[in-house]
Amino acid sequence: MEEIVPYAHQEQPDYVDNLLPGYRFCPTDSELILYYLKPKIQTGEHPKCRIYEVNLYSHSPEELTNQYRPCDDKWYFFTPRERKYEKGKVPNRRTGDFGYWKATQKYTSVYHQYSATGPRVVGTRRSLDYRDEKGCKTAWLMQEYATNHPNLPIGSGQGGNKVCYELFTIEPNQTKPSVRI
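Each value, and the rule that gives it
Residues numbered from 1 in each chain as written. Predicted model: local features only at pLDDT ≥ 70, side-chain atom pairs only at ≥ 80, totals over all residues. Heavy atoms only, no water. Buried < 20%, exposed > 50% of the residue type's maximum accessible area, 1.4 Å probe, protein only. Helix = DSSP H or I, 4+ residues; strand = E, 2+ residues; numbered from the N terminus. Pairing = 2+ DSSP bridges. Phe/Tyr/Trp six-rings, centres within 6.5 Å; stacked < 30°, edge-to-face > 60°. Contact = heavy atoms within 4.5 Å. pLDDT = per-residue confidence, 0-100. Core = buried A, V, L, I, M, F, W, Y, C linked by side-chain atoms within 4.5 Å.

What follows covers the pairing of strand β5 (residues 120–131). Among the twelve residues in β5, nine count as buried, and that is most of the element. In this structure, strand β3 (residues 100–103) lies alongside β5, joined through four bridges in antiparallel fashion. Directly across from A103, in β5, lies its bridge partner L128. In this sheet, β5 lies alongside strand β4 (residues 108–112) in antiparallel orientation, the contact comprising five bridges. From the neighbouring strand, H112 faces β5, where its bridge partner is R120.

Structure, rendered in structure tokens:
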């Protein structure tokens, strides 16, 4: 299991700490894909902001949110794409504590509105709920972002393996979780 680096040991301060009062890191869905996820996949370079690179499926949301600094009660993560089966397309969403992320809606298209040719699809977004080891819904929500650019080169991982990243946001649900009997 991957070790989480507590934010007391992370590089500080980051750019969010240097923003003037009133300014916030609140990118739109299309900005997350175009300006953070796509460059991460293309070049492998990590942006200078509060988006952490961690395999979030190795940890519960409580572990992640206790160890990393939020941006307005939202946490941003890059994570490598894992498959449930070696040659399959189904993602592996089980976490290290035997909980899992359950998709609650279909993939929805994310449009970039500021294109010269009009709105264009730049990726997809999907909402997921966190379920504990008993299958009970918890108060954690996650948004999964993926680029849909077919010609985008995939960054090289260790040993020449290809790594495809996805970007996730995690936030507490404001509604009361359901109880399973």
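We now examine the pairing of strand β7 (residues 165–172). With six of its eight residues buried, β7 lies for the most part within the structure. The pairing of strand β2 (residues 75–80) with β7 spans six bridges and is antiparallel. Counterpart to F78 in the pairing with β7 is L167. As judged from the six bridges shared by strand β6 (residues 137–147) and β7, these two strands associate in the antiparallel manner. Within the sheet, the bridge partner assigned to L141 lies in β7 and is E171.

Let's shift gears to the packing of aromatic side chains. For the coordinates displayed, the defined rule picks out eight aromatic pairs. Aromatic side chains Y52 and Y68 sit 4.5 Å apart centroid to centroid with 40° between the ring planes, which places their arrangement in the tilted category. With Y52 in strand β1 (residues 51–53) and Y68 in the loop between α2 (61–67) and β2, this pair connects stretches of sequence that are 16 residues apart. For Y68, a relative accessible area of 5% puts it in the buried group. Where Y52 meets F77, the ring centres are 6.2 Å apart and the plane angle is 45°; that geometry is what we call tilted. With Y52 in strand β1 and F77 in strand β2, this pair connects stretches of sequence that are 25 residues apart. Overall, Y52 belongs to the buried group, its relative accessible area being 11%.

Mapped onto the elements of the fold, V90 is located in the loop between β2 and β3. Not counting chain neighbours up to four residues away, the residues in contact with V90 comprise R83, K84 and Y85.

Right, let's talk about the confidence of the model for the protein chain for a bit. Atomic detail in the predicted coordinates should be set aside for any region of low pLDDT. In the predicted model, the protein chain carries a mean pLDDT of 79, and the fraction of residues at 70 or more is 77%. Below a pLDDT of 50 lies the segment residues 153–162, which in the model reaches 14 contacts outside its immediate sequence neighbourhood of four places, other chains included.

Note on soluble globular proteins: their nonpolar side chains tend to be buried together. Core analysis: the largest hydrophobic core is formed by 17 residues, its most contacted members being F25, Y36, I51, F78 and L167. Mapped by element, the contributors of at least two residues to this core are α1 (29–43), β2 and β7. When residues of this core are assigned to their parent elements, the largest contribution, six residues, is made by α1. Leave out the neighbours within four places in its chain, and I51 touches F25, Y36, H46, Y76, F77, F78 and L167. Counting residues in each nonpolar core, the second largest holds 15 residues, with V54, Y57, F77 and F168 among its members.

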